[in-house]
Amino acid sequence: MNYMQLSPVALSLLIAAALGWAALEHGAAGFMLMGFFLAIGLVIGRLADGRIDARKFWDLLTGRRSSS
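What comes next concerns the included structure. (Residues numbered from 1 in each chain as written. Predicted model: local features only at pLDDT ≥ 70, side-chain atom pairs only at ≥ 80, totals over all residues. Heavy atoms only, no water.)

Points about the packing of aromatic side chains
Turning to step 1, where the next piece is worked out: Enumeration according to the criterion identifies one aromatic pair in this entry.
Turning to step 2, where the next piece is worked out: Aromatic pair phenylalanine 36 and phenylalanine 37: ring centres 6.0 Å apart, planes at 55 degrees, arrangement tilted.
Turning to step 3, where the next piece is worked out: Given the relative accessible area of 27%, phenylalanine 37 is considered partly exposed. (Phe/Tyr/Trp six-rings, centres within 6.5 Å; stacked < 30°, edge-to-face > 60°. Buried < 20%, exposed > 50% of the residue type's maximum accessible area, 1.4 Å probe, protein only.)

Description of a nonpolar patch on the surface
Turning to step 1, where the next piece is worked out: Where nonpolar side chains cluster on the molecular surface, the patch consists of Leu6, Leu11, Leu14, Ile15 and Leu19 and spans about 460 Å² of accessible area.
Turning to step 2, where the next piece is worked out: Here leucine 14 shows up in helix H1 (residues 8–24). (Patch = residues over 30% accessible without salt bridge, like charges linked within 9 Å, V, L, I, M, F, W, Y side chains within 5 Å. Areas by Shrake-Rupley, 256 points an atom, 1.4 Å probe, with all protein chains shown as cover. Salt bridge = Lys/Arg side-chain N within 4 Å of Asp/Glu carboxyl O. Helix = DSSP H or I, 4+ residues; strand = E, 2+ residues; numbered from the N terminus.)

Details of the packing of H1 against helix H2 (residues 29–49)
Turning to step 1, where the next piece is worked out: The contact between H1 and H2 brings their axes to 8 Å, and the two run at 165 degrees. It follows from the interaxial angle that H1 and H2 lie roughly antiparallel. Regarding H1 and H2, the two cross each other, and that crossing is right-handed. For the pair H1 and H2, contact is made by Pro8, Val9, Ser12, Leu13, Ala16, Ala17, Leu19, Gly20, Ala23 and Leu24 and by Gly30, Phe31, Leu33, Met34, Phe37, Leu38, Gly41, Leu42, Gly45, Arg46, Ala48 and Asp49, respectively.
Turning to step 2, where the next piece is worked out: Here the residues of the contact of H1 with H2 sort into 15 nonpolar, five polar and two charged. (Axes fitted to C-alpha atoms, helices over the stretch in contact; angles between N-to-C directions. Parallel < 35°, antiparallel > 145°, perpendicular 65-115°, else oblique. Left-handed = near helix turned anticlockwise from the far one by under 90°. Contact = heavy atoms within 4.5 Å. Nonpolar A, V, L, I, M, F, W, Y, C, P; charged D, E, K, R; others polar.)

Regarding H2
Turning to step 1, where the next piece is worked out: In a regular helix each residue adds 1.5 Å, so 21 residues correspond to 30 Å; H2 covers 30 Å between its end C-alpha atoms and thus fits that length.
Turning to step 2, where the next piece is worked out: Buried within H2 are the following residues: Gly30, Met34, Gly41 and Gly45. Angular distribution of buried residues about the axis of H2 spans 50 degrees; they occupy a single face of the element. The outward face of H2, more than 90 degrees from its buried face, is lined by the exposed residues Ala29 and Met32.
Turning to step 3, where the next piece is worked out: Buried-residue contacts for H2 involve H1.
Turning to step 4, where the next piece is worked out: Looking one or two residues beyond H2, the residue adopting positive phi is glycine 50, at roughly 90 degrees. (Expected span 1.5 Å × (residues − 1). Arc of directions from axis to C-beta.)

Keep in mind these numbers describe shape, not what the thing actually does.
Below, the structure written as structure tokens:
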């Protein structure tokens, strides 16, 4: 395994953690923002990695249900 190559999930989590850390410097609400950014980073990474089906994820967010 090449240690210099990160999976899309790991890379997006690192980016989200950096953004969250920057938000932490702006008070107590920064901690909540860090969790929000980490969750967004994880979802984006899993979408890029193919672990989450984008169409099903969008249907979940919009409240659509399918019979299949």
